[in-house]
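Commentary on secondary and tertiary structure
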Amino acid sequence: MGIVSVTDLGKQIIATKRILKAVSTNPLAVECRMQVISAVSGTVYDASNAPDLGTSDEFTFEINHFLFRQFYNTQFPLSTDNINDRFDLKAFRILFSDIEADGTESATYFATQVSGDFTQGINFSHNITQRPNKLNSFNVDNYYCDNSGSATSKFLTSAPSPVNVWLNDKNYISVLKWSKNGLDVVQQQYVIEEYDVNNALLTTVKTTFLNRDEGGIKIPFHNNMVVEITNVLTSYALIYVEDIVGLVKRSEIRRYNVVTNCGNVKIEWINEFGKTDHFYLKGEQIKGISTNTSVYEKATPINPSNNDYGNRVFNNELSENWTLYTDTVSQTVVDWLANIYLSKKVSVYIDGERFPVILNSNKLVYFSDINGIYQISIPIIFSNNVLGNN
């Protein structure tokens, strides 16, 4: 007797409630204990619940309210190619046991991955969110580029294709899942093809995915690829996933256009999949400086000299605030850039230097004309203030 089944009633993403319902065959059970143990860091959650209202054998737990706190996002630094070191997935074990009134606890039951083919007891949570109007229709299976994938399987971005890139500039594209066989041999690879202005193929680079290590568990999840075009003859690049044996395409084909006139400011943010997206801005820039000043008043003498005055500044802090504008863009680009507000973790690159910034607005502002042409304004404040002279 004890816990005999656990049903996963939610999606394995942090944006929604994820309900686990345990069923016990022990008629003496008065509560159920659930432990969530990280494959890397050990126990992260331990809770007990009484039976669900109207039942004596069903116990319900909601786990995403604490799982989302396990994630931390950061943009890729300029100086590293360590593209798998990301906080976008957590591997953990979920253990259930029922408890009788005298404290007797049943043997542990492991909740296994519902649709996975992994080590027993291992479960996963993805740092993925969606805007409210897209959440109900979101299906994580559409992002699998494994043996079940097809030429319509998606990369972890909602960016339109093509997107622009600078020559010699690092950007990133990510895949959620690929396949491995029983010997841990990876079965897919990602391909980058570069073409010149005449559509002639210049180079093809094929790279096998790396199984990710989560606490000693090798899992085929979350690979992040660097897109960096250095050949001056390259006009555009195509990126896709294919089988290593048989070369069957397991993803959509995304295109990157190499451009030289897309502005000197790049904005980069954590997207709805916990990955890095980018956009180049070549519209108008409105720049301003704000100050936060502390003033004290000194009593002046009856006959003041030139050095005697009443109000004095003893602290002066400066911050820079800019408003960046895109050039004319489509409705598709407007919908994509609205996802900046899902995380607000934003950086800007200006003339090769990177600065952390804060979005200085709670809404996306854009302008349109009767022809469906749009322009977006993005107000930012540089995160690091400076002290002025006192």
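This structure is a prediction, so every number in the text was calculated from the model and none was measured.

With that settled, consider the overall build of the chain. The helix and strand inventory of the chain stands at three helices and 26 strands. Residues classed as buried in the chain amount to 46% of the 390 residues present. A sequence separation of at least 24 residues applies to 67% of the contacts in the chain between residues at least 6 apart. When the accessible surface of the chain is totalled, it reaches about 19400 Å², and 49% of it is carbon and sulfur.

With that settled, the discussion passes to the packing of aromatic side chains. Throughout the structure, instances matching the rule amount to 12 aromatic pairs. Relative to Trp336, the ring of Phe279 lies with its centre 5.8 Å away and its plane at 75°, an arrangement referred to as edge-to-face. Placement of Phe279 in strand β19 (residues 276-281) and of Trp336 in helix α3 (residues 331-337) is noted, with a sequence separation of 57 residues between them. Residue Phe279 is classed as buried on the basis of its relative accessible area, which comes to 13%. Site record: aromatic cluster; members linked through ring pairs are Phe138, Tyr143 and Phe273. Its end group placed over the ring of Trp322, Lys287 keeps NZ or CZ at 4.3 Å from the ring centre.

It is worth spelling out the pairing of strand β23 (residues 353-359) at this point. Here five bridges tie strand β22 (residues 346-350) to β23, and the two strands are oriented antiparallel to one another. Across the sheet, the residue bridging to Val348 is Phe355, located in β23. Once β22 ends, the chain turns through two residues before running back antiparallel as β23, passing Asp351 with a positive phi of about 50°. In the sheet, β23 pairs with strand β25 (residues 374-382) via three bridges, with the strands oriented antiparallel. When the sheet's bridge partners are listed, Val357 is paired in β25 with Phe382.

Let us now look at the sheet that holds strand β9 (residues 163-165). Taken in spatial order, the five strands of this open sheet run β9-β17-β16-β11-β12, and their pairing is mixed. Across the chains shown, the open sheet's two edge strands, defined by having one partner strand only, are β9 and β12 (201-208). The mean inter-strand angle of the sheet, taken between neighbouring strand axes irrespective of direction, is 25°. Alignment of strand β11 (residues 188-195) against β12, held across seven bridges, turns out to be antiparallel. Of the residues in β12, the one forming a bridge with Gln189 is Thr208.

Criteria and thresholds
Residues numbered from 1 in each chain as written. Predicted model: local features only at pLDDT ≥ 70, side-chain atom pairs only at ≥ 80, totals over all residues. Heavy atoms only, no water. Helix = DSSP H or I, 4+ residues; strand = E, 2+ residues; numbered from the N terminus. Buried < 20%, exposed > 50% of the residue type's maximum accessible area, 1.4 Å probe, protein only. Contact = heavy atoms within 4.5 Å. Areas by Shrake-Rupley, 256 points an atom, 1.4 Å probe, with all protein chains shown as cover. Phe/Tyr/Trp six-rings, centres within 6.5 Å; stacked < 30°, edge-to-face > 60°. Lys NZ or Arg CZ within 6 Å of the ring centre and 35° of its normal. Pairing = 2+ DSSP bridges. Axes fitted to C-alpha atoms, helices over the stretch in contact; angles between N-to-C directions.

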